[in-house]
Amino acid sequence: MSWPADLFPSRSASDIFYALRVVEKEIPYVPPVPQPKTEQIVRKRAPVTEEYVATPLPKIIIVGASIGGLLLAIILEQQGIPYRIFERAKVCEPIESAVFFNAQTAKVFTQLGLNNEIVAAGLKTNCLQIYNEDRVLTHFFDYSLAPQMYGSAGFVLPKPVLYNILLSHVPSAKIIRGTKILSVSSGDSFVTVLQDNGDTAVCDIVVGADGTYSAVRQSIFDQMRKHDVMDPKDKEPMKYSTVCLIGQTRPLSDVEFPIMAKDDCQFIRVLGRNKPYSLTYFTTKQRTITWSITEYLDNNSHDENNPFRTSDWGQATVDLMCEKVKDIPIVAGGYHHATVGYLVELTDRTKIKKVVMEEKVFSKWYYNRTVLLGNACHRLSPSAGSGATNSVLDAVSLANWIVSLPAFSLLEDISYAFQSYQEERVPWVKDSMKSSNFFKKMLAGNFKGKVLRTVSKYGAKPMMRKMMARMGQNQPQLWFMDTIPDRGIMKTAYQNSLHEPPSRVEARRKKVLEEIANGSVGTVSAVAVIV
Ligand SMILES: Cc1cc2nc3c(=O)[nH]c(=O)nc-3n(C[C@H](O)[C@H](O)[C@H](O)COP(=O)(O)OP(=O)(O)OC[C@H]3O[C@@H](n4cnc5c(N)ncnc54)[C@H](O)[C@@H]3O)c2cc1C
């Protein structure tokens with residue numbers, strides 16, 4: 001593989017002072033001499049040019065080209081910050097699930113110029129309808145007032161459609177496909193990334209957006225364990241209490257599926273009677289139905305569904321689960337008394353996936369120059385549909401801090417940025433975890449689920465309103481782009497990464513200008529002004 005041209009070979013204090021003089025054109029550029037420590041790890045080195053050494057911007061490697069990684073890449077691209085994405089899949093085939101977005105992401109999508117495209121590909125959703133196995137509507141959660149309250153409606157689109165939109169905004173040359181990252185070694189002054197072909201790459205910051213079984217997370221946890229700084233909670237295994245069967249039908253006509261005729265997204269759940277299953281499905285603008293069947297695990301099924309065995313789950317396991325759930329009734333509209341078997345018939349079998357749904361919010365999201373994002377640092381049950389939203393919101397907060405980093409950032413600058421990012425995001429992610437756990441328990445076919453359903457039937461409206469109000473307040477934005485005003489009547493929550501990073505940048509700029517005025521320039525920070 002040829003090396004991405006702008007990956008940085010090493011970063012030491014002497015390089016930084018050298019770079020400063022190159023920038024000032026005092027001396028000709030000579031590539032740095034390899035340091036003994038890195039020689040052991042770095043088998044090949046990226047070609048270095050004067051330009052790369054000269055830029056004071058951090059060079060970033062993102063591991064994982066899914067929702068979180070791609071959104072961060074779009075932001076870095078628009079800001080001209082050098083980055084590369086390493087993605088293990090040669091061709092990305094995102095799982096055929098639906099993705100739900102609402103006011104939480106509307107402002108940042110607008111800032112990035114993505115909102116119209118994403119909204120146009122989605123269908124507005126006004127309510128969640130819950131049916132029992134007799135096709136009787138038992139619960140109705142109405143959120144049609146969301147635009148007046150929070151400034152934006154909720155909408156749903158298939159994940160592959162969202163994925164293609166995000167992908168179209170990232171230059172393909174910047175995504176290195178078919179390359180699995182095996183480990184990262186995060187030092188004080190640079191990070192080394194080891195690829196499965198034996199090559200290494202070096203950069204200033206690594207972002208692990210590589211999902212639930214993140215290799216980046218495993219590497220930094222190993223380093224923390226060695227230095228005895230690992231949080232004991234992070235040593236505990238991830239819990240998994242549900243398994244999902246996921247699919248998307250081919251485009252359907254109103255005759256085949258009469259509810260397709262409705263203008264808004266039909267978001268429907270059917271609960272199994274005395275069965276550990278629930279079915280969730282959405283109609284889409286592409287005239288397909290994205291569906292998922294959740295199986296709630298008991299103690300016996302835990303072992304059978306051990307996540308380390310999911311790689312063994314082939315077509316036979318999928319077929320077996322399809323067979324088990326085929327008689328669950330579905331609401332297709334009109335007099336159409338169909339069942340899950342019908343949905344399966346309308347779906348390409350080879351694209352149906354069976355996946356384990358783990359749950360955990362990790363305590364430590366960064367180590368030295370490496371930071372985690374999305375499913376790599378928090379895995380939520382899909383019951384409340386907030387996984388993708390949280391990956392997007394992580395990228396926003398993290399980007400706010402990355403863009404504010406000083407020229408040739410030192411470890412202390414980076415640690416402060418990552419710590420602030422984690423502090424901002426954890427409370428919101430924990431709230432999402434609470435609401436997805438609530439829905440998960442309510443939808444389970446056991447006695448507890450029945451009690452929760454009965455209670456929520458009477459308290460459903462105030463409860464839903466409270467949950468929506470809390471989440472709807474969180475509408476993060478990027479500080480370095482035009483801010484979008486509130487459009488709903490609810491006031492949005494304070495966002496530290498919208499205020500603190502620009503004030504730090506301004507304070508730094510003032511200090512450097514004062515130094516220049518006093519004739520005491522000569523520090524690395526002056527590069528920010530010179531370049
Ligand atoms: C059934 C279902 C329904 C859902 N519904 C919703 C919903 O309605 N709303 C919502 O907001 N969310 C929903 N989600 C969740 C959402 O899809 C995920 O939370 C989201 O995709 C997480 O994105 P991510 O970028 O953090 O990571 P992931 O999507 O997990 O992506 C990780 C990427 O990293 C790559 N990778 C992994 N390891 C390596 C490596 N070592 N080297 C290089 N690349 C690597 C992978 O190939 C992948 O591309 C749902 C999920 C499921 C399963």
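Only a predicted model underlies this, so the values are computations on that prediction, with no experimental measurement involved.

Considering the overall build of the protein chain
Helices and strands together make up the secondary structure of the protein chain, namely 18 helices and 20 strands. The proportion of buried residues among the 531 residues of the protein chain is 44%. Pairs at least 24 residues apart make up 72% of the contacts formed inside the protein chain by residues separated by at least 6 positions.

Observations concerning the sheet that holds strand S11 (residues 200-203)
A sheet is described by the order of its strands in space; here three strands give the open sequence S9-S10-S11, paired in antiparallel fashion. Edge positions in the sheet fall to strand S9 (181-186) and S11, since each of these pairs with one other strand and no more. Within this sheet the neighbouring strands show an average axis-to-axis angle of 20°, counted without direction. As judged from the four bridges shared by strand S10 (residues 191-195) and S11, these two strands associate in the antiparallel manner.

Considering the pairing of strand S6 (residues 137-142)
Both strand S5 (residues 127-131) and S6 contribute to a ladder of five bridges, which runs antiparallel. Residue pairing for S6: Cys127 is matched across the bridge by Asp142. Once S5 ends, the chain turns through five residues before running back antiparallel as S6, passing Arg135 with a positive phi of about 60°.

Here we look at the nonpolar core
Ranked by size, the top nonpolar core spans 120 residues in total, and within it Ile62, Leu72, Val206, Val207 and Leu373 carry the most contacts. Here this core takes ten residues from helix H14 (residues 387-403), the largest share from any one element. In terms of domain composition, this core takes at least three residues from each of domain 1 (13-93 + 160-237 + 360-437) and domain 2 (116-158 + 238-358 + 441-472). With sequence-adjacent residues up to four places away left out, Leu373 is seen in contact with Gly68, Leu72, Val207, Gly208, Ala209, Ser391, Asp394, Ala395 and Leu398.

Regarding the sheet that holds strand S4 (residues 123-125)
Strand order in the open sheet formed by three strands is S3-S7-S4, and the pairing between neighbours is antiparallel. The sheet is open, and its two edges are formed by strand S3 (98-101) and S4, each paired on a single side. On average, each strand axis in the sheet is tilted by 35° relative to the strand beside it, whichever way the strands run. Strand direction decides the pairing type here: S4 and strand S7 (residues 154-158), joined by three bridges, are antiparallel. Its bridge partner lying in S7, Thr125 is registered against Gly154.

Focus: the site of the ligand
Around the ligand there are 37 residues in total, and Gly64, Ser66, Gly211, Gly374 and Gly387 lie nearest to it. The set of elements that each furnish at least two residues to the shell around the ligand consists of helix H4 (67-79), strand S2 (83-87), S3, strand S13 (239-248) and H14. Per-element tally for the shell around the ligand: the top contributor is H14, with four residues. Grouping the amino acids of the shell around the ligand by side-chain chemistry returns 17 nonpolar, 15 polar and five charged. Both domains that meet at the shell around the ligand, namely domain 1 (13-93 + 160-237 + 360-437) and domain 2 (116-158 + 238-358 + 441-472), each give it at least three residues.

What to know about the packing of H14 against helix H17 (residues 496-518)
Contact geometry of H14 with H17 gives a least axis separation of 9 Å together with a crossing angle of 5°. The pairing of H14 with H17 is recorded here as roughly parallel in orientation. Contacts between H14 and H17 involve Ser397, Asn400 and Trp401 from the former and Ser497, Leu498 and Pro501 from the latter. For the contact of H14 with H17, the residue count by class is three nonpolar, three polar and no charged.

A short note on helix H8 (residues 159-167)
When we look at burial in H8, the residues that qualify are Leu162, Tyr163 and Leu166. The buried residues of H8 occupy one face: seen down the axis, they fall within an arc of 100°. Along its buried surface, H8 packs onto H4, S3, helix H6 (115-121) and S7.

Things to note about the confidence of the model for the protein chain
Close reading of the predicted structure is inappropriate where its pLDDT is low. Of the residues in the protein chain, 80% have a pLDDT of 70 or more, and the chain-wide mean is 83. Of all helices and strands in the protein chain, the one with the weakest mean pLDDT is helix H2 (residues 36-41) (37), whereas strand S19 (residues 370-372) scores best (98). Low pLDDT, under 50, characterises residues 1-54; the stretch is placed with 75 contacts to residues that sit more than four places away or in other chains.

Quick look at the environment of Pro232
Looking at the secondary structure, you find Pro232 in helix H10 (residues 232-235). Take Pro232: there are 7 C-beta atoms within 10 Å of it, and that puts it in the exposed class. The spacing of Pro232 and Ser363 is 131 residues in sequence and 9.0 Å in space, taken between C-alpha atoms.

Thoughts on the pairing of strand S1 (residues 60-63)
In S1, alternate side chains face the same way, and those of Ile60 and Ile62 on one face and Ile61 and Val63 on the other are all buried. With H4 bridging S1 and its parallel neighbour S2, the resulting β-α-β unit is right-handed.

A short note on unusual backbone geometry
Positive phi values are uncommon outside glycine, yet Asp228 reaches one of about 55°. A tally of 6 C-beta atoms within 10 Å means that Asp228 is categorised as exposed. Positive phi outside glycine occurs at Asn368, with the angle close to 50°. Position of Asn368 among the secondary structure elements: in the loop between strand S18 (366-367) and S19. Of the residues examined, Asn368 has 22 C-beta atoms within 10 Å and is grouped as buried.

Things to note about the environment of Met481
Checked against the element boundaries, Met481 lands in the loop between helix H16 (447-472) and H17. Judged by local crowding, Met481 falls into the partly exposed class, with 17 C-beta atoms found within 10 Å. The spatial distance from the C-alpha of Met481 to the C-alpha of Leu112 is 8.4 Å, given a sequence separation of 369 residues.

A word on the environment of Val426
Along the chain, Val426 falls in helix H15 (residues 411-443). The class of Val426 is partly exposed, set by 16 C-beta atoms lying within 10 Å. Considered as a pair, Val426 and Cys377 are 49 residues apart in the sequence and their alpha carbons are 9.8 Å apart.

How each quantity is defined
Residues numbered from 1 in each chain as written. Predicted model: local features only at pLDDT ≥ 70, side-chain atom pairs only at ≥ 80, totals over all residues. Helix = DSSP H or I, 4+ residues; strand = E, 2+ residues; numbered from the N terminus. Buried ≥ 20, exposed ≤ 12 C-beta atoms within 10 Å, placed from the backbone. Contact = placed C-beta atoms within 7 Å. Pairing = 2+ DSSP bridges. Axes fitted to C-alpha atoms, helices over the stretch in contact; angles between N-to-C directions. Core = buried A, V, L, I, M, F, W, Y, C linked by C-beta atoms within 7 Å. Domains from an automatic or database assignment. Near = placed C-beta within 6 Å. Nonpolar A, V, L, I, M, F, W, Y, C, P; charged D, E, K, R; others polar. Parallel < 35°, antiparallel > 145°, perpendicular 65-115°, else oblique. Arc of directions from axis to C-beta. pLDDT = per-residue confidence, 0-100. Right-handed = clockwise from strand over helix to strand, strands pointing away.

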